[in-house]
Amino acid sequence: MSAFILLILLFGMSAGDTATMCTPPPSDIVFILDSSSSIWPEDFVRELQFVENIANTFDIGLQENQTRIGILSFSHKLKIELHLKDSHNKPDVISAIRRVRHLTGGSSTAKALWAVKTRMFLRKNGARDKVRKIAVVITDGMSHSKSATKKAAETVRDFGVTIFAVGVGRDTIEAELQSIASEPAANFVFLVHGFQLLPKIQKSLLYQACNVTLHLDQHITDSPIPGDTLQADSTNVIDNCGGKPADVYFLLDSSSSIRKSDNQKQIEFVKDVVAMFDIGENKTRIGISTFSHRYKQEFSFQSHYNKNDLLDAINKISYLRGGTDTASALRNIRLQVFTPGVARQYVAHVLVVITDGYSRSPKSTEVEAALLHQMGVHVFAIGVTEDVDVKELKHIASDPGNDVQSFIFTVSNFDALETIKDVLAIRACNVVDLESVCTKDNDTDAIFLLDVASLGSKVSLGIIERINSVTLNVQLKTNLQFGFFVSQCSNIQDKELSSGSTVTKQTSRYSGFVGLVKKARRTGFSVGHGGRPKARQILFAFLDTALTPEAEIEIKMAREIGIDFIFIVIGDETDTKRVKPYVKGEQYILKYDTNRPGLFEESIGDMLCKGI
């Protein structure tokens, strides 16, 4: 393998000469682009240029004899940049490549590979039968989980997709690239020592792409798949979710048609799925209701933030008996569960409905489900037994008749629920990662100011932990960069604005709150320290004492150059009257309760989500 790589680097043009003799056949090609923080901005541009150069060699279009291009970028999160169905012509594809933005964050390669199968190679998104399906993975380092990445790659290859793995840099692991790529590795694994060397492998990669085998036995489908044919490794679930926050609610059929023993199997299934999520007040929250001809909320999102307590509560779920009034149950979910003040507004809303038969009023059920969809709730419908009405499941599930594969499961009996637990969790995670629930579209540079000498190290470290949790977990359309400055003589390091969000060594010459405002005003938002000229500039200032006249002067000077302030008050003794003149409204003055710090995180997340 190493010899092959060396030959490419030394004699890339010889392999490339053969490539010029090859006319690439019609294919569906998806590029999976590493967009993590370890890639420098200039190298990310080189990665995009490499993809653009390859795309330029194909006859791109939607005709059957043309090639379609899809693009998926990933870090710890995912973003679909271009569906296969949207590659109308070469200029459109080139424009889409040039619009790709650097995500930053970690490297969840497994998550990206799962999305190739569950999101990209779907007929509704432009994938075709009887053409070559190719995925090109470009990465510069190790994934979060080698085992999860290997399993995801196997699943994609078994689906009939040929995978090329391109490793860039000295931190890539050749063995992991081999676990991703198709065989033989000599044809499908490429390794270069820097992004500037990617052009050396371009012709060789194209030559190998020309000779990809067409898998005629594989067929694209968007129809509901029986649950007992779906399997996944639960380690993938943890890697896919990565601690992303969500509000996930289960609605369980508890009518008389379900035997008590089957009801217990349903409960065990819910426990198994819930166990795969990262549960917490500021992570994933779980709620459950049961229904028959009546509706009963077993517990709400606010009831259990500890996983063991949650699992114990699930064990105590009651068995109702009676008819099946699905419409009434969905109405209660809409009016009582996914409402402001109950469900968090800046996280994904997911509802899992399990039923074993027909509802009392199919038309009313369809109407209520549609209202939930309009609210932005992602609804999964699980039908158990042969008596279930698949047509009704399509109405209950999100995107009925369009994205059914992602949101509908059918199993022959309650024992078979076991076979879909991992896949359900993975698909729920895909919703959390791919569907942004924030609506504001703007660029924001935010710096948090903490006077550690005044606040204390323990409180300051707790705040920083909350800041990291919010900014990494909230799914924002806004392109947020954040940092924090701490006062001098602290063991905590500053974190400047940067695309990589890198912690830098503290070199502050300023002390106290006044010094922090001065530092942020003078250098915090400068281009040299990661600031963006057209981004909104915001200072989150933590206060546990009244503002001094000196501090007010610095705040006024900062506001004069366009910096906005949000004040977070700690303690009941801090007088907020003196900060009111420096904010746009009272909603920009928050409280930080050291006994309930999660409230601060939720408030900040909501503000960031709305664009502040």
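Procedures and definitions
- Residues numbered from 1 in each chain as written.
- Predicted model: local features only at pLDDT ≥ 70, side-chain atom pairs only at ≥ 80, totals over all residues.
- Heavy atoms only, no water.
- Helix = DSSP H or I, 4+ residues; strand = E, 2+ residues; numbered from the N terminus.
- Buried < 20%, exposed > 50% of the residue type's maximum accessible area, 1.4 Å probe, protein only.
- Contact = heavy atoms within 4.5 Å.
- Core = buried A, V, L, I, M, F, W, Y, C linked by side-chain atoms within 4.5 Å.
- Pairing = 2+ DSSP bridges.
- Axes fitted to C-alpha atoms, helices over the stretch in contact; angles between N-to-C directions.
- Salt bridge = Lys/Arg side-chain N within 4 Å of Asp/Glu carboxyl O.
- Phe/Tyr/Trp six-rings, centres within 6.5 Å; stacked < 30°, edge-to-face > 60°.
- Expected span 1.5 Å × (residues − 1).
- 1 Å grid on protein atoms, 1.4 Å probe; cavity = no way out; pocket = protein on both sides within 12 Å on 5 of 7 lines; lining within 4 Å.
- Points joined across faces, edges and corners; volume = space filled by probe spheres on them.
- Right-handed = clockwise from strand over helix to strand, strands pointing away.
- pLDDT = per-residue confidence, 0-100.
- Lys, Arg positive; Asp, Glu negative; His and termini not counted.

A short note on the overall build of the protein chain
- When helices and strands are tallied, the protein chain shows 21 helices and 18 strands.
- Within the protein chain, the fraction of its 612 residues that count as buried is 59%.
- For the protein chain, the proportion of contacts with a sequence separation of at least 24, taken over those separated by at least 6, is 78%.

Some words on the nonpolar core
- By size, the foremost hydrophobic cluster in this structure holds 67 residues, and its most contacted members are I32, V136, I163, F164 and V166.
- Here this core gets seven residues from one element, more than from any other, and that element is helix α4 (residues 109-120).
- For F164, the contacting residues outside a window of four places in its chain are I134, A135, V136, V137, N187, F188, F190, L205, Q208, A209 and V212.
- One finds F250, F269, F409 and I420 within the second-largest nonpolar core, a separate group that totals 62 residues.

Thoughts on the sheet that holds strand β1 (residues 27-34)
- Strand order across the open sheet formed by six strands is β3-β2-β1-β4-β5-β6, with mixed pairing between neighbours. Edge positions in the open sheet fall to β3 (78-82) and β6 (189-192), since each of these has one partner strand only. Here the strands of the sheet are splayed against their neighbours by 15 degrees on average, with no regard to which way each runs.
- As paired elements, strand β5 (residues 161-168) and β6 share four bridges and run parallel to each other. Note that in β6 the partner of V168 across the bridge is V192.
- Along the sheet, helix α2 (residues 41-55) makes contact with β1 and β4 (132-139), crossing β1 at roughly 175 degrees.

Re the environment of I589
- With respect to the element layout, I589 can be found in strand β18 (residues 589-592).
- The exposure class of I589 is buried, given its relative accessible area of 17%.
- Between the C-alpha atom of I589 and that of F540, which follows or precedes it by 49 residues, the distance is 9.8 Å.
- Among residues more than four places away in sequence, those in contact with I589 are F567, V569, T576, V579, K580 and V583.

Digging into the pattern of salt bridges
- Tallying each qualifying case throughout the model produces 22 salt bridges.
- Residues D247 and R344 are paired through a salt bridge, measuring 2.8 Å at the closest nitrogen-oxygen approach. A residue pair is termed long-range when its members are at least 10 positions apart, and D247 in strand β8 (residues 246-253) and R344 in the loop between α12 (326-336) and β11 (348-355) qualify at 97 residues. Residue D247 shares its accessibility class with R344, and that shared class is buried.

What about the packing of aromatic side chains?
- Within the structure shown, the criterion is met by eight aromatic pairs.
- Between Y249 and F301 the ring centres are 5.5 Å apart and the planes differ by 80 degrees, which places this aromatic pair in the edge-to-face class. Of this pair, Y249 sits in strand β8 while F301 sits in the loop between β10 (295-299) and α11 (307-315), placing them 52 residues apart in sequence. Here Y249 matches F301 in class, with each residue buried.

Details of α4
- In terms of burial, α4 is a largely internal element, 11 of the 12 residues being buried.
- Within the sequence span of α4, burial applies to T109, A110, K111, A112, L113, W114, A115, V116, T118, R119 and M120.

Things to note about α2
- Given a rise of 1.5 Å per residue, 15 residues ought to cover 21 Å, and the 21 Å separating the end C-alpha atoms of α2 matches this to within 8%.
- Along α2, the residues that are buried comprise D43, F44, E47, L48, F50, V51, E52, I54 and A55.
- Here the buried face of α2 lies against β1, α3 (90-99), β4 and α8 (199-210).

Considering empty space enclosed by the protein
- Within the structure shown, the criterion is met by three cavities of 30 Å³ or more.
- Here the largest cavity defines a volume of roughly 50 Å³.
- R536, D564, F565, K584 and Y588 are the residues nearest the centre of the largest cavity, which is lined by 11 residues in total.
- Broken down by secondary-structure element, the contributors of at least two residues to the lining of the largest cavity are β16 (536-543) and β17 (563-570).
- If one sorts the elements of the lining of the largest cavity by residue count, β17 sits on top with three residues.

Topic: unusual backbone geometry
- Cis geometry marks the peptide bond from E183 to P184, where omega comes out at 0 degrees.
- With a phi angle near 60 degrees, K130 is a residue other than glycine that sits in the positive phi range.
- Assignment of secondary structure puts K130 in the loop between α4 and β4.
- Owing to a relative accessible area of 65%, K130 belongs among the exposed residues under this scheme.

Some words on the pairing of β5
- Counted residue by residue, β5 has eight buried out of eight residues, so it is predominantly covered.
- The alternating pattern of β5 places V161, I163, A165 and G167 and T162, F164, V166 and V168 on opposite faces, both of which are buried.
- Inspection of the sheet shows β4 paired to β5 by seven bridges, in the parallel sense. What sits directly across from I138, in β5, is V166.
- For the segment spanning β4, helix α5 (residues 146-158) and β5, crossover handedness is right-handed.

Regarding the confidence of the model for the protein chain
- Per-residue confidence for the protein chain gives a mean pLDDT of 80, with 80% of residues at or over 70.
- Below pLDDT 50 for its whole length, residues 400-404 participates in 12 contacts with residues either more than four positions away or in separate chains.
- Of the regions scoring below 50 in pLDDT, residues 499-508 engages in 28 contacts with residues more than four places distant in sequence or in other chains.

Some details on the side chain of E392
- Within the fold, E392 resides in helix α14 (residues 390-396).
- Buried and without a salt bridge, E392 has K391 as its closest oppositely charged side chain, separated by 9.9 Å.

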